[in-house]
Structure formats: structure tokens, C-alpha cells
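# Structure at a glance
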Amino acid sequence: MLDKTYRPAEVEARQYQAWEEGGGFGCAPDSNRRPFTVMMPPPNVTGSLHMGHALNMTLQDVLTRYERRRNRDALWQPGTDHAGIATQMVVERQLAADGITRQDLGREAFVEKVWEWKAESGDTITRQLRRLGASPDWPRERFTMDEGLSKAVRKVFVQLYKEGLIYKDKRLVNWDPKLRTAISDLEVEQKEVKGNLWHLRYPLADDPDRHIVVATTRPETMLGDTAVAVHPDDPRYADLIGKDVLLPIVGRRIPIVADAYADPEQGSGAVKITPAHDFNDFEVGRRHGLPMINVMDDQARMNENAPADYVGLDRYDARKKVVEAFEVLGLLDQIEDHIHTVPYGDRGGVPVEPWLTDQWYCDAKTLAKPAIEAVEDGRTVFVPKSWENTYFEWMRNIQPWCISRQLWWGHQIPAWYGPDGTVFVEETEEAAQAAADAHYGKATTLSRDDDVLDTWFSSALWPFSTLGWPDAPEMVQRYYPGDVLVTGFDIIFFWVARMMMMGLHFMGEVPFHKVYIHALVRDAKGQKMSKSKGNIIDPLELIDRFGSDSLRFTLISMAAQGRDIKLSEQRVEGYRNFITKLWNAARYCQMNDCVPVEGFDPNSATLATNRWIAASVKRTASAVEQALADYRFNEAASVLYQFTWHSFCDWYLEFTKPILTGEDAEAAAETRAMTAWALDQILLMLNPLVPFVTEELWRSLSPDRDAALMTTEWPDYDRLTEDTAAVAEIDWLIRLIGQVRTIRSEMNVPAGARIPLQVRDAGPETQARLASHDGLIKRLARLSTVEPLSSEPPRGSAQAILDEATLVLPLAEVINLDQERARLQKEIGKLDGEIAKIDEKLSNDQFLAKAPEAVVEEQRERRDEAVTVRARLAEALGRVSA
């Protein structure tokens with residue numbers, strides 16, 4: 001017998017171990033089943049499960065479990081990312097605790113330390129994914145730094161280099177002066193800060209009494225200015241274009257150039273141009289052939305290109321000194337308080353500098369062209385489709401991709417330098433040495449490039465490198481391209497686009513046919529979760545309290561396309577109640593001997609209630625299949641929730657009670673078999689969404705079953721016949737009982753009161769149904785009698801229309817009707833006031849401009865809810881006759 005209470009903590013570890021040991025997660029390359037491939041976005045090896053992971057992995061797991069049971073050869077490819085900066089920082093912090101730096105160890109010993117850390121702590125995230133119920137093919141787990149993937153990385157780099165698609169260049173990068181490395185845009189966090197805007201006067205070189213005013217938030221960079229730009233159509237400066245200003249402090253003559261980048265509406269309309277320290281200025285510098293003077297070193301201290309008394313100063317000390325110098329020179333026009341955004345490195349935690357440096361680049365523009373075409377012609381489709389616009393916007397304006405990082409942990413760039421700087425790019429040191437010896441005509445000492453590759457470079461190869469490319473063509477041929485990629489919108493450019501580029505270039509085919517972009521998980525108020533706000537919801541804590549299935553079902557139920565999830569503990573608790581409802585329904589079946597009957601055919605049922613539940617199963621399955629095919633996960637969950645909680649538990653099980661306790665043995669036997677079958681279908685359909693509780697019930701209700709539920713084939717529901725007459729009859733019965741219950745609730749009829757029901761204008765079919773279901777109607781609607789009515793309804797009756805008939809409930813002797821009318825009118829008036837207040841807010845432009853989007857959305861939702869309740873109360877008021 002099932003325990004009275006479902007205890008997820010006891011069930012989940014046991015079931016997961018059985019699944020994993022049973023090999024049910026594995027793909028079958030030698031089978032003749034059609035492959036289904038999902039590539040897991042590799043979480044950082046340093047990571048721990050957060051709510052974004054929980055949503056992302058749950059949705060992938062639903063698809064994988066579903067397709068696996070539809071007899072597809074499902075490969076959900078797991079793995080983790082080496083996470084260059086994050087992992088290096090973790091190990092450096094550990095060393096720092098012992099007073100050691102990585103420089104003390106040297107590169108080789110430090111990398112060994114990182115591998116040691118990975119061996120000890122690198123499986124945290126994968127252990128946590130198991131707690132979530134994720135079912136990837138764990139024995140095929142890959143790591144972006146394992147030998148196979150490293151070989152793929154080297155091969156790709158060398159081939160792209162030899163095709164002219166990888167090259168070295170001096171360009172601006174996001175430079176983290178604390179970590180002393182270039183970082184990607186994704187690793188830059190924009191923070192709003194209270195700062196200043198300094199207005200500086202630059203005198204004309206040949207007319208020192210005349211000045212041009214420029215404004216800057218970073219005065220220290222003026223030491224590297226090489227021009228002032230004005231708009232070509234700005235009449236204020238028409239006579240100055242082509243002339244020079246004398247750069248204060250430095251004494252360098254720099255030109256005034258005409259460039260549309262200067263906005264006449266902003267400030268003075270003139271802007272200082274520092275090509276080596278600003279991304280926009282860099283482009284202006286290239287257009288005008290300006291010198292690019294780097295005035296900082298890799299720690300953001302002023303270097304030898306700055307005036308002598310500035311060399312060695314930290315950027316902020318240099319800023320103060322520059323401002324003081326302008327004041328002394330009488331060239332400080334004004335200082336404004338200014339709120340602006342400053343880019344910070346998300347790992348180093350200090351402001352990043354646009355910094356001019358030699359780096360390795362990938363010609364992303366060339367690689368992007370076929371990737372754009374692949375989405376334009378539908379070979380890869382985004383869901384929701386609107387995200388294609390984001391993809392196109394990024395791809396059509398793509399810049400060279402900086403792929404080098406100044407770290408020790410990562411894929412070291414396979415480039416070696418000869419004594420004269422000649423570079424030799426090969427897959428191995430031996431090949432580079434051979435190339436160098438041939439070039440120089442003698443044995444030559446080489447030095448390897450110290451840089452490592454951007455983590456996203458190896459991630460871009462994930463869809464084929466994880467399958468063993470270039471050494472396992474049979475796996476690539478079978479499982480590439482993938483069916484669907486499930487990911488967040490924030491990495492469409494950083495990861496999705498780059499996989500498209502690399503997949504098309506090296507495989508000749510898109511890496512996946514569909515890209516499902518899921519929304520963000522926010523807190524209950526719609527705010528983004530962050531440590532600073534203190535609103536982070538830990539998925540593992542929710543799993544500990546409510547079970548994995550409750551969290552999974554909550555996330556799936558709320559995963560509507562294009563709408564962020566507002567998550568709260570109460571939501572998860574609510575869906576825990578659903579799991580409890582399912583458990584209790586199974587206990588009811590077990591206690592009433594409703595056990596699966598081998599060979600039972602639901603099409604053979606004769607009772608209307610049984611034929612109705614069979615048809616309901618068919619409709620539910622069809623809706624679930626369509627929802628999952630369309631990646632409408634929330635709709636699949638909603639359909640299953642409604643069918644399980646309402647159709648099966650609230651209605652069908654109630655319908656079965658008099659049959660199971662009645663004297664008709666044949667009807668009872670049919671109903672027991674149908675009840676057990678319907679419960680099995682619920683478990684079969686719910687299983688991809690809530691695998692733990694469904695597996696436990698599947699095994700417990702019929703211990704003799706050979707196969708685990710997770711490997712039991714998805715049934716062919718098309719074979720079920722749908723008895724439309726039975727469906728219409730039982731739907732009518734449910735509507736009748738529901739109408740009576742609604743009136744009782746709205747009019748505050750005491751729960752224990754048995755009241756009469758009179759039915760007016762009933763046709764022959766309704767009369768027959770009333771007679772057939774008299775006992776059920778009276779029991780479930782708590783009625784004393786059900787009788788026809790041929791005259792006018794008595795005074796003080798509540799009425800409702802059901803098809804051609806009118807339901808009449810005489811209430812004058814049960815409740816105080818005047819009091820109930822007054823209560824309903826008062827509640828309607830209160831809601832009218834609330835709606836008016838919200839309307840006033842929503843029509844206030846000032847409120848809409850200042851209020852956060854989440855607050856505005858909350859007001860709209862409150863209004864919608866109030867309007868719905870008001871309509872229901874107005875309907876209730878209208879039902880009561882005078």
C-alpha cells in the first residue's frame with residue numbers, strides 16, 4: 001500500500017540511481033531508431049545550480065524524455081565548460097589563502113593545480129543536475145578542455161588561420177586591468193554611477209585666444225587625444241575644420257576633423273577623439289588616419305606615452321592631476337555632476353578600459369554570411385520567431401571577434417614565433433618546429449604564444465566536437481545536426497551565432513534545426529534576481545522543501561513563450577499540492593482495487609462515464625503532443641494539470657464511487673479497469689514533466705511491470721475511439737453540477753444545506769439525462785430533489801441557463817436574499833473603486849515614465865483580475881429574482 005504522504009527526498013535519490021544504473025539515459029548509435037539530438041549548453045565547471053539552469057535543463061529534459069519514449073534514439077549530450085577566467089580566479093583565490101600567486105608557481109604548475117581543483121570540485125554542477133532529474137547521456141559527458149575537444153579546437157584554429165579567417169591585429173578591446181586580460185562583452189557589466197562631466201577648453205594652435213570646448217567623463221584619456229571632431233554641417237565650426245588645436249599639458253598639435261559621429265545637439269557639439277581608449281573614437285581614428293596613442297599600461301597606469309610626471313600614475317590619480325592642471329592653466333570651463341554608466345568586469349570587479357593591444361581575431365563577418373542565410377531561408381528557425389530579429393541585428397553588424405585572452409587556464413593558442421617574429425601556426429609543436437626549420441633552413445628555437453583562446457571559441461564547436469569530430473565521423477553523421485537547442489536570449493550572439501558560423505563552415509550544415517529561446521526567471525515582483533537585491537531563489541532549497549517535481553512543474557507551467565517567469569515560493573508550494581493530489585488519487589485507486597488489467601481495451605467500455613474519460617485521455621494526449629511539438633511547454637503542463645486535477649480527480653473519481661460500491665458487478669469491474677487505465681495514462685503523459693513521482697507510482701501500483709516508466713513507449717492515442725455522445729452527456733452533467741455549485745458559493749448557501757433544484761423548459765434529452773444521473777446530481781450538487789418546473793420560478797430564486805433549460809434554485813427559505821444582494825452590490829462597488837484607481841494610474845504619463853516595467857505590469861494584472869471578479873459578481877447578482 002502506498003504511504004499516506006509522498007516523501008520526495010526518499011524517492012528521488014533512489015529512483016535516479018535506478019535510472020542511471022539501468023542505462024536508460026543512453027543513446028543507441030547502433031539502433032535503427034531515428035535520432036533526436038539535444039546539445040546541453042555546458043554550464044561552467046565552477047558553477048552551481050541557479051534558477052536559470054533549472055528552467056533551461058528542465059525544458060531540455062522534458063523534450064528528451066518525451067522523444068525517448070516516442071521511440072527516438074535520444075542523445076542529450078552533457079558536458080561542462082572550462083570557464084577560463086572564472087576557474088582561474090577560483091584557483092588563484094585558493095592559492096592566495098596560502099600566500100601564493102600563480103606567478104610564484106609558474107604556468108605549468110599552476111595549470112596542474114587547476115586540473116587538481118577540477119578533479120576535486122568540478123562535478124558540483126553535474127551532481128546538482130541529477131537532483132533536478134536531468135537525464136542526459138552521462139557516460140558521454142564532455143569537458144571543453146578534454147583531449148578530444150582540445151584537438152578539435154587546434155584543428156579549427158589552424159584551418160581558419162590558413163584560410164585567412166584568423167589573424168593578429170592591433171585593435172581596442174575590453175581590458176580588465178585587475179585580471180590583466182581582454183574580456184568579452186558578456187563579461188562586462190554596465191553600472192550606473194554618480195560622476196562628473198568635465199568641460200575642457202582646447203586652444204587653437206595658431207590662435208591661442210580662441211578655444212574649442214569638449215566634455216569628458218574620463219579626463220585622463222585626453223593625454224592620448226589625437227583629434228577633435230565636429231559635425232561637417234555644424235555652422236559654428238565650419239571655419240575651424242582642418243585647423244589644429246594645441247593639446248593642453250601635452251603640447252601636441254592635433255587636427256579638428258569633420259565627422260558625423262559628433263552630435264551638434266550634444267554639449268558644445270565638439271568631441272575629443274582618443275582612438276586608443278574609446279571604441280567610437282577608434283572608428284573615427286580609422287576613418288581619418290589618426291595616430292593611436294596608448295597612454296596606459298596593462299594595469300591602467302599611465303605609460304611612457306604620457307608626460308614624464310604622469311608616468312606610473314594610476315588612471316584615477318592621473319585624472320585628478322589632469323583636472324588640477326587644467327584649472328591652473330585656466331582651461332577648465334566647468335564641472336557638472338553627471339550620472340552615467342561605467343563598464344565593469346563582472347569577474348575582476350573594477351572598471352574596464354577600452355585598450356589598444358595586439359590580439360588574435362576571427363573574421364566573423366565572413367563566417368556570419370552563411371549563418372545569416374541559414375536563418376533567412378529557414379534551415380534554422382527561432383522559437384519564438386521574433387528572436388530572429390535580434391540574431392539578424394547582431395549578425396549584420398558583426399565586428400571582428402577578439403579570440404585571445406591573457407590567461408593561463410584555457411586552450412593555449414597553437415602559434416609559435418621564430419627569432420625574427422615570424423609566426424608558425426600548426427596543430428602540434430612538432431609540426432610548427434618542422435615548418436620553422438624548413439623556413440629558416442636550420443634548426444631554430446621557437447617560443448609559443450602565451451595567450452589562450454576565448455572560452456566561447458571552444459563552445460562554438462560544441463555541437464560537433466562533443467561527438468568526436470574530427471575522429472568519429474559515424475557519430476557526427478548520426479547525431480549532427482541537432483534537433484533543437486534550448487537556451488537563453490542573452491547568449492544568442494555569444495554562443496548560438498558562433499555555433500551557427502562554425503557548424504556551417506566545418507560541417508557544411510546548420511548545427512540545429514530549431515532554437516528555442518526561453519525567458520528569464522525573475523522574482524515574484526518581476527525583478528531580476530541578484531545578490532545585491534537579496535532576492536535570489538535557490539532551486540536546491542526549493543527541491544529540499546517541496547521536491548524536484550514540484551519545482552519542475554512550476555517552471556514548465558510558467559514557461560510561456562516570450563513571457564518572463566515571476567517565481568515565488570508560494571507558486572512552487574501550489575504545484576506541490578498538485579503532486580500531492582496525484583499521489584492521493586493513486587491511493588484511492590489502490591484502496592478500491594483499481595489495478596491495471598492486462599489486455600484491457602478502453603474502446604470496449606460501455607458506461608458513459610468510462611467512455612467519457614477514455615475520450616478525455618485522447619483529447620488530452622493530442623493537446624500535449626501538439627503543445628510539445630510547438631515548444632509551448634506551459635500549455636502542455638496546463639492541459640495535464642486540468643485533466644489530472646479536474647477531469648480525473650474532481651469528476652471521474654467522484655463518478656466512480658457509487659459504481660464501485662454498487663451491486664452491478666460488471667459495471668464495477670469495467671470501472672476498476674478503466675480507472676486503473678486512466679491513471680496509467682496520466683502517469684505516462686506526466687512522466688516527462690514530473691519523472692520522480694510518476695515513476696514511483698508506476699512501480700508501486702503494479703510491481704510486476706518489466707520496464708521502468710521512463711523507458712515505456714509513448715502510447716498511440718490515435719487508436720482510441722471518441723464517443724461524442726458520451727462526451728456530450730458527461731460534459732452536460734459537469735456543467736449542471738458546476739452551475740449549481742457556483743450559485744451556492746456566490747450566494748453563501750451553507751455547505752450542509754440540501755436545496756431543491758427545479759428545471760424549466762427541459763427537452764427530452766435533458767429529461768433523460770436528469771433521470772439517468774439523478775443520484776449523482778443530488779449527491780455532488782448537494783440537492784434534496786431534482787424536479788421539472790412548468791410554471792414561473794418562485795420569488796427569491798437563483799437562476800442559470802443550461803442549454804435550452806433554465807435551472808431554478810429556490811433560496812428564499814435558505815438565505816437572506818436582501819442581505820446577499822446588498823453584499824454583492826457592496827463588493828461590486830469596492831471593485832469599481834479599485835478599477836478606477838488603477839485606471840487613473842495607468843493613464844498617468846508620469847507614472848508610466850517613472851515606474852519600473854514590472855510595477856506597471858503588476859497594476860495591469862490587478863486590474864484584469866478585478867474586472868474578472870466584478871463580472872462574476874454582477875452575473876451572480878443578476879441571477880437572483882426579486
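The structure contained in this document is the topic of the report that follows. Just so it is clear, the structure is predicted and the values come from calculations on it, not from any experiment.

Next up on the list: the overall build of the protein chain. Helices and strands together make up the secondary structure of the protein chain, namely 29 helices and 29 strands. For the protein chain, the spread of C-alpha atoms along the three principal axes comes to 110 × 65 × 55 Å. Scored against the burial criterion, the 882 residues of the protein chain give a buried share of 54%. Restricting to contacts in the protein chain with at least 6 residues of sequence separation, those with at least 24 account for 77%. Across the protein chain, 103 positive and 135 negative side-chain charges occur, with their mean positions spaced 3 Å apart.

Our focus in this paragraph is the packing of helix α27 (residues 817-842) against helix α29 (residues 853-879). Between α27 and α29, the shortest axis-to-axis distance is 9 Å and the interhelical angle comes to 155°. Taken together, the axis directions place α27 and α29 in an arrangement best described as roughly antiparallel. Of the two possible hands of crossing, α27 and α29 adopt the one that is left-handed. Its residues assigned to classes, the contact of α27 with α29 comprises 14 nonpolar, two polar and 10 charged.

Right, let's get into unusual backbone geometry. A cis amide bond, omega -5°, links V383 with the succeeding residue P384. Unusually for a residue other than glycine, A300 sits at a positive phi of about 60°. Mapped onto the fold, A300 is located in the loop between α8 (279-288) and α9 (315-328). What makes A300 buried here is its relative accessible area of 2%.

Take empty space enclosed by the protein next. Using the criterion set out here, one finds one cavity of 30 Å³ or more in the structure. Its volume calculated, the largest cavity comes out at about 40 Å³. Each residue belonging to the lining of the largest cavity can be placed in one class, and the counts come to two nonpolar, two polar and three charged.

Right, let's talk about the packing of helix α10 (residues 364-376) against helix α11 (residues 387-396) for a bit. Interhelical geometry of α10 versus α11 gives an angle of 160° and a closest axis separation of 10 Å. The orientation of α10 relative to α11 falls into the category roughly antiparallel. Remark: the crossing between α10 and α11 carries left-handed chirality. In this structure, α10 uses A368, A371, I372, V375 and E376 to contact α11, whose residues at the interface are E388, Y391, F392, M395 and R396. For the contact of α10 with α11, the per-class residue count stands at seven nonpolar, no polar and three charged.

Here the focus is the environment of M507. If you trace the backbone, M507 turns up in helix α16 (residues 492-507). Beyond its immediate sequence surroundings of up to four residues, M507 is in contact with F464, W469, V476, Y480 and M502.

This brings us to the sheet that holds strand β18 (residues 415-417). Taken in spatial order, the three strands of this open sheet run β19-β18-β20, and their pairing is antiparallel. At either end of the open sheet lies a strand with only one pairing partner, and these are β19 (423-425) and β20 (447-448). Note that β18 and β19 share three bridges and pair antiparallel. Each bridged residue has a counterpart across the sheet, and for A415 the counterpart in β19 is V425. Sheet strands touched by helix α12 (residues 429-440): β18 and β19. Its angle to β19, the strand with the most contacts, is close to 140°.

As a further point, take the pattern of salt bridges. In the structure shown here, the tally under the stated rule is 58 salt bridges. Here R396 makes a salt bridge to E376, at a shortest N to O gap of 2.7 Å. Of this pair, R396 sits in helix α11 while E376 sits in helix α10, and the two are 20 residues apart along the sequence. The class of E376 is partly exposed, set by a relative accessible area of 48%. Linking K581 and D650 is a salt bridge whose minimum nitrogen-to-oxygen distance equals 3.2 Å. Linking K581 in helix α19 (residues 569-591) with D650 in helix α21 (residues 633-660), this pair joins segments that are 69 residues apart in sequence. Here D650 falls in the partly exposed class, since its relative accessible area comes to 24%. Here the salt bridges do not stand alone but share partners, grouping E67, R70, R72 and D483 into one network.

Strand order in the open sheet formed by four strands is β6-β5-β14-β16, and the pairing between neighbours is antiparallel. Single-partner strands in this sheet number two, and they are β6 (181-183) and β16 (401-402). Where strand β5 (residues 166-176) lies against β6, three bridges are found, and the strand directions are antiparallel. Within β6, the position partnered with D176 by the bridge is T181.

Basis of the calculations
Along each chain, numbering runs from 1 in the same order as the chain's sequence is written. The model is predicted, so local features are restricted to residues of pLDDT at least 70 and side-chain atom pairs to those at 80 or more, both for listing and for counting; the totals for chains, interfaces and linings are taken over all residues. Heavy atoms from the whole structure form the basis of all side-chain values; hydrogens and water molecules are not counted. Secondary structure elements are defined from DSSP: runs of H or I of at least 4 residues count as helices, runs of E of at least 2 residues count as strands, and each element is numbered from the N terminus. In this scheme, a residue with accessible area under 20% of its type's maximum is buried, one over 50% is exposed, and one in between is partly exposed, where area comes from a 1.4 Å probe on protein chains only. Working rule for contacts: check all heavy atoms of both residues, and any pair within 4.5 Å makes them a contact. The sign given to each residue is positive for Lys and Arg and negative for Asp and Glu; His and the chain ends receive no count. For this purpose, a charge sits on NZ of Lys, CZ of Arg, CG of Asp or CD of Glu. Fitting a line to C-alpha atoms yields each axis, with helices limited to the stretch in contact; the angle taken between N-to-C directions then spans 0 to 180 degrees. Oblique is the label for every angle not falling under 35 degrees (roughly parallel), over 145 degrees (roughly antiparallel), or within 65 to 115 degrees (roughly perpendicular). By definition, any crossing whose near helix is turned counterclockwise from its far helix by less than a right angle is left-handed, and any crossing with a clockwise turn is right-handed. Residue classes follow a fixed rule: Ala, Val, Leu, Ile, Met, Phe, Trp, Tyr, Cys and Pro count as nonpolar, while Asp, Glu, Lys and Arg count as charged, and any other residue, Gly among them, counts as polar. The method works on a 1 Å grid over the protein atoms by themselves. A cavity is a set of points holding a 1.4 Å probe that cannot get out, a pocket is an open set with protein on both sides within 12 Å along at least five of seven lines, and residues with an atom within 4 Å of a point line them. Grid points are joined across faces, edges and corners, and a volume is the space filled by probe spheres set on the points. Note on pairing: two strands pair once DSSP finds at least 2 bridges between them. When a carboxyl oxygen of Asp or Glu is within 4 Å of a side-chain nitrogen of Lys or Arg, the pair counts as a salt bridge.

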